[in-house]
Amino acid sequence: MECENALIRLRVKILWKIIIMIPAALCVFMRCPYAQEPQVYGELQYLEFKMPESFDPITSESGIAMRLNCMLYDPLIGVGPNNEPVPVLIKSFTPSADERTITLEMRENAKWHDG
């Protein structure tokens, strides 16, 4: 009886390995239908639960407007991976000796508008 149970367990292990290994091997040697190339559609749809009160980054105060403005507008200076300031829309920046003013060197290809 114990020998029969061991034989059944061995058959189950072998059958289980076959069930797992055959699809895995097919995915390796053939194009797996689940491993598709990423699709590029060119459009992003972003949903919020209500409209922002304004898209003006100076006057808008809601979290919705702040999230959308972060996607629409680039800052002059951003925050790097180690929380250090990094230039985004500028080439470089230099603080003065007394650290009361910052001189910004602008990029040539940055576009500016007044809304």
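For the structure, see preceding data.
Read on for an overview of the structure.

Summing up its helical and strand segments, the protein has 2 helices and 4 strands in all. Its helices and strands taken in sequence order, the protein reads α-α-β-β-β-β from the N to the C terminus. The long-range share in the protein, meaning contacts at least 24 apart out of those at least 6 apart in sequence, stands at 7%. Per element, the accessible surface of the protein, about 10800 Å² overall, is 62% carbon and sulfur.

Turning to the pattern of salt bridges, a few remarks are in order. Counting across every chain of the model gives 3 salt bridges. Here E108 and K91 are joined by a salt bridge, their closest N and O atoms 3.1 Å apart. Of this pair, E108 sits in the segment after β4 (102-106) while K91 sits in strand β3 (residues 90-95), and the two are 17 residues apart along the sequence. K91 sits in the partly exposed class, given a relative accessible area of 42%. Three or more residues are tied together by salt bridges with common partners; here these are K91, E105 and E108.

If you trace the backbone, N69 turns up in helix α2 (residues 63-72). Aside from chain neighbours lying at most four places away, what touches N69 is F55, D56, P57 and S60.

Note: β3 against β4, 5 bridges, orientation antiparallel. Paired with F93 across the strands is L104, a residue of β4. Linking β3 to β4, which pair antiparallel, is a turn of 6 residues; within it E99 sits at a positive phi near 60 degrees.

Now for the environment of F55. One can find F55 in the loop between α1 (2-29) and α2. Given a relative accessible area of 39%, F55 falls into the partly exposed group. When the C-alpha positions of F55 and L68 are compared, they lie 7.7 Å apart, and in sequence the two are 13 residues distant.

Looking now at a nonpolar patch on the surface. Together, L76, I77, I102, L104, M106 and W112 make up an exposed nonpolar region whose accessible area comes to about 520 Å². With 3 residues, β4 is the largest single contributor of residues to the nonpolar patch. Mapped onto the elements, I77 comes out in strand β1 (residues 77-79).

This brings us to the layout of surface pockets. Of the pockets and cavities examined, the largest pocket occupies roughly 330 Å³. Around the largest pocket, the lining is made up of 12 residues, and of these Y73, D74, L89, W112 and H113 lie nearest the centre. Taken together, the residues that form the lining of the largest pocket break down as 7 nonpolar, 2 polar and 3 charged.

Rules behind the numbers
Residues numbered from 1 in each chain as written. Predicted model: local features only at pLDDT ≥ 70, side-chain atom pairs only at ≥ 80, totals over all residues. Heavy atoms only, no water. Helix = DSSP H or I, 4+ residues; strand = E, 2+ residues; numbered from the N terminus. Contact = heavy atoms within 4.5 Å. Areas by Shrake-Rupley, 256 points an atom, 1.4 Å probe, with all protein chains shown as cover. Salt bridge = Lys/Arg side-chain N within 4 Å of Asp/Glu carboxyl O. Buried < 20%, exposed > 50% of the residue type's maximum accessible area, 1.4 Å probe, protein only. Pairing = 2+ DSSP bridges. Patch = residues over 30% accessible without salt bridge, like charges linked within 9 Å, V, L, I, M, F, W, Y side chains within 5 Å. 1 Å grid on protein atoms, 1.4 Å probe; cavity = no way out; pocket = protein on both sides within 12 Å on 5 of 7 lines; lining within 4 Å. Points joined across faces, edges and corners; volume = space filled by probe spheres on them. Nonpolar A, V, L, I, M, F, W, Y, C, P; charged D, E, K, R; others polar.

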